[in-house]
Amino acid sequence: MAVADCGIDSGSVRILSNDFEALHVVADWAEKCASDTVEVTRNQTEEHKNIQVPALSINPATYTVAIVATNSLVPLLNDGLVRPLDDLVAKHGGQLTNSQKVIVDGKIMAIAFMANSQHLFYREDVLAEHGIKVPTTFDEVFAAAETLQAAGYATPLSSNFMPGWNIAAEFVNTYLGTGADFFKPGTAELDINNENGVAVLENMKRMLDYMSPDWATFDSNAQKPVWEAGESVLSLSWGSRAGAYIAEDSPAPEVAAATAFAASPALGDNGIPTAALWWDGFTIAKNISDEDAEASFIAMMKGISPEMMAENPASAVWLIDGYQPTKAASGVIDGLNKGARPYPMLPYMGMLHTALGDNLAEYLQGKESAEQALADVTAAYTTAATEAGFLN
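Residues numbered from 1 in each chain as written. Predicted model: local features only at pLDDT ≥ 70, side-chain atom pairs only at ≥ 80, totals over all residues. Heavy atoms only, no water.

Novice: Explain the nonpolar core to me, and be specific about the residues and the numbers.
Specialist: By size, the foremost hydrophobic cluster in this structure holds 62 residues, and its most contacted members are Leu 56, Ile 111, Phe 113, Phe 282, Phe 297, Ile 304 and Trp 318. Looking at this core, the element that brings in the most residues is strand E5 (residues 107-116), giving eight residues. Look past the residues within four positions of Phe 297 in its chain and what remains in contact with it is Leu 88, Val 89, His 92, Gly 93, Leu 96, Ile 111, Phe 282 and Ile 284. Formed by 61 residues, the second largest nonpolar core is a distinct cluster that contains Val 198, Leu 236, Tyr 363 and Ala 370. (Core = buried A, V, L, I, M, F, W, Y, C linked by side-chain atoms within 4.5 Å. Buried < 20%, exposed > 50% of the residue type's maximum accessible area, 1.4 Å probe, protein only. Helix = DSSP H or I, 4+ residues; strand = E, 2+ residues; numbered from the N terminus. Contact = heavy atoms within 4.5 Å.)

Novice: Account for the environment of Phe 138, naming residues and giving values.
Specialist: With respect to the helices and strands, Phe 138 occurs in helix H6 (residues 138-150). Here Phe 138 falls in the buried class, since its relative accessible area comes to 2%. Residues Phe 138 and Asn 18, spaced 120 residues apart in sequence, show a C-alpha to C-alpha distance of 30 Å.

Novice: Provide a residue-level description of the packing of helix H1 (residues 21-31) against helix H12 (residues 290-303), including the pertinent values.
Specialist: Here H1 crosses H12 at 125 degrees, and the two axes come no closer than 7 Å. By the angle between their directions, the pair H1 and H12 is classed as oblique. The interaxial crossing formed by H1 with H12 has right-handed handedness. Taking contact as the criterion, the partners of Val 26, Trp 29 and Ala 30 in H1 are, on H12, Ala 299, Met 300, Lys 302 and Gly 303. Broken down by class, the residue content of the contact of H1 with H12 amounts to five nonpolar, one polar and one charged. (Axes fitted to C-alpha atoms, helices over the stretch in contact; angles between N-to-C directions. Parallel < 35°, antiparallel > 145°, perpendicular 65-115°, else oblique. Left-handed = near helix turned anticlockwise from the far one by under 90°. Nonpolar A, V, L, I, M, F, W, Y, C, P; charged D, E, K, R; others polar.)

Novice: Describe in detail the packing of aromatic side chains, supporting the description with residues and values.
Specialist: If you walk through the whole model with that rule in mind, you get 17 aromatic pairs. Centroid distance Phe 121 to Phe 261: 4.9 Å. Interplanar angle 80 degrees. Geometry classified as edge-to-face. Taken together, the positions of Phe 121 in strand E6 (residues 118-123) and Phe 261 in strand E9 (residues 259-262) put the pair 140 residues apart, joining distant regions of the chain. Neither residue differs from the other here; Phe 121 and Phe 261 are each classed as buried. Members of the aromatic cluster, connected to one another through ring pairs, are Phe 171, Tyr 175, Phe 182, Phe 183, Tyr 348, Tyr 381 and Phe 390. (Phe/Tyr/Trp six-rings, centres within 6.5 Å; stacked < 30°, edge-to-face > 60°.)

Novice: An account of the state of the cysteines is needed here, citing residue identities and associated values.
Specialist: The full count for this structure, using the stated rule, is one disulfide. The disulfide that involves Cys 6 links it to Cys 33, with 2.0 Å between the sulfurs. Across the S-S bond of Cys 6 and Cys 33 the torsion is about -80 degrees, and the bridge reads as left-handed. Residue Cys 6 is located in the segment before strand E1 (11-17), and its partner Cys 33 is located in the loop between H1 and strand E2 (38-44); the two are separated by 27 residues in the primary sequence. Exposure remark for Cys 6: the relative accessible area of 18% places this residue in the buried category. Taking relative accessible area as the criterion, Cys 33 reaches 3% and is therefore assigned buried. (Disulfide = S-S within 2.5 Å.)

Novice: Any details on the sheet that holds strand E8 (residues 234-238)? Residues and values, ideally.
Specialist: Reading across from one edge, E7-E8-E6-E9 is the order of the four strands in this open sheet, with mixed pairing throughout. At either end of the open sheet lies a strand with only one pairing partner, and these are strand E7 (157-158) and E9. Sheet analysis places E6 next to E8, joined by five bridges and oriented antiparallel. The residue of E8 that forms the bridge with Tyr 122 is Leu 234. The strands that helix H9 (residues 220-228) touches are E6, E7, E8 and E9; relative to E8, the one it contacts most, it runs at about 145 degrees. (Pairing = 2+ DSSP bridges.)

Novice: How would you sum up the packing of helix H7 (residues 165-176) against helix H15 (residues 349-359)? Please name residues and give values.
Specialist: Contact geometry for H7 and H15: axes closest at 7 Å, N-to-C directions at 110 degrees. Considered as vectors, H7 and H15 are oriented roughly perpendicular to each other. Seen along the crossing, H7 lies across H15 with a hand that is right-handed. Taken together, the residues of H15 that come into contact with H7 (itself represented by Trp 165, Ile 167, Ala 168, Ala 169, Phe 171 and Val 172) are Met 349, His 353, Leu 356 and Gly 357. Split into classes, the residues belonging to the contact of H7 with H15 amount to eight nonpolar, two polar and no charged.

Geometric descriptors of this kind do not, in isolation, establish any biological role.
And the structure:
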């Protein structure tokens, strides 16, 4: 790794993040700031959300930088574990646009550098061979899947249905597509145990007819090899993964060349994509020295610099000045243009996400009704939200 002149005399930069290509690139560029007097290390793991609160709660914090998404910032804010960045932005953040500054209660608490959402991945060649138009609704997805199964594709559809965070995200994505809200207006009282919630669960269960019998093992990492093997033709996955699916060094170049992207399908005829819009960005830990905080901010400015973006234009939908969308960004951009809704940045949304992740698998396995699953979710959420003081 070439050492860059980052203007850091000394300090320790310790990065915690999720584990996918775009974040690898950002960390690679931040590491260019390492020197004899500047340490730059990283831990990139899918367990980052479980690690971040305890790791930043100790003093000094285990990590100086936590790379977060829309929802994973909230617990750090709730516990006061990240510092305002206004002074560092004024001193070192001249490259940032206003849209990158995540402002909470009047203070800059995070710097966003990429947009993300789940969307439809599809095989152009296979759809064309069977006379199938790119699906824009789930009814069209299921019709396409029927045709593909009849043509010999046993499991033409894939998605992230692993119990826990992934299956909860699928529910959230689909529920957003109904146009309804998760909570009663102005309150933390849950409002999903209704016809919208039932419709979402029934749609998810219908998807299983066209998915692998091992659906409960599927997260984003599990989907890619199945796609490259040609087993699935339609997939709902993350925009942040799209670049790797079409990369020139793909182990399945013919599949990569025929892979294309579109907005997530609508649930009904309202046209709203079943996907949450997210941002990914970074925070600086509170329980660290000012020296390490400044070193970390400067290194992350290198990590999300226009120079990094120029060398890696297809790795993400960058929220960096000068970004021009690539093919890999087309699914996220299509969803944005069609009105995909943002993931709710509410302090109690994480409790709902956990309750969903813990209580949906039994319904999908045919062990209980949709109404019972939603009742279980509501009970688990209500208990957690009451204990946290959001409900009386």
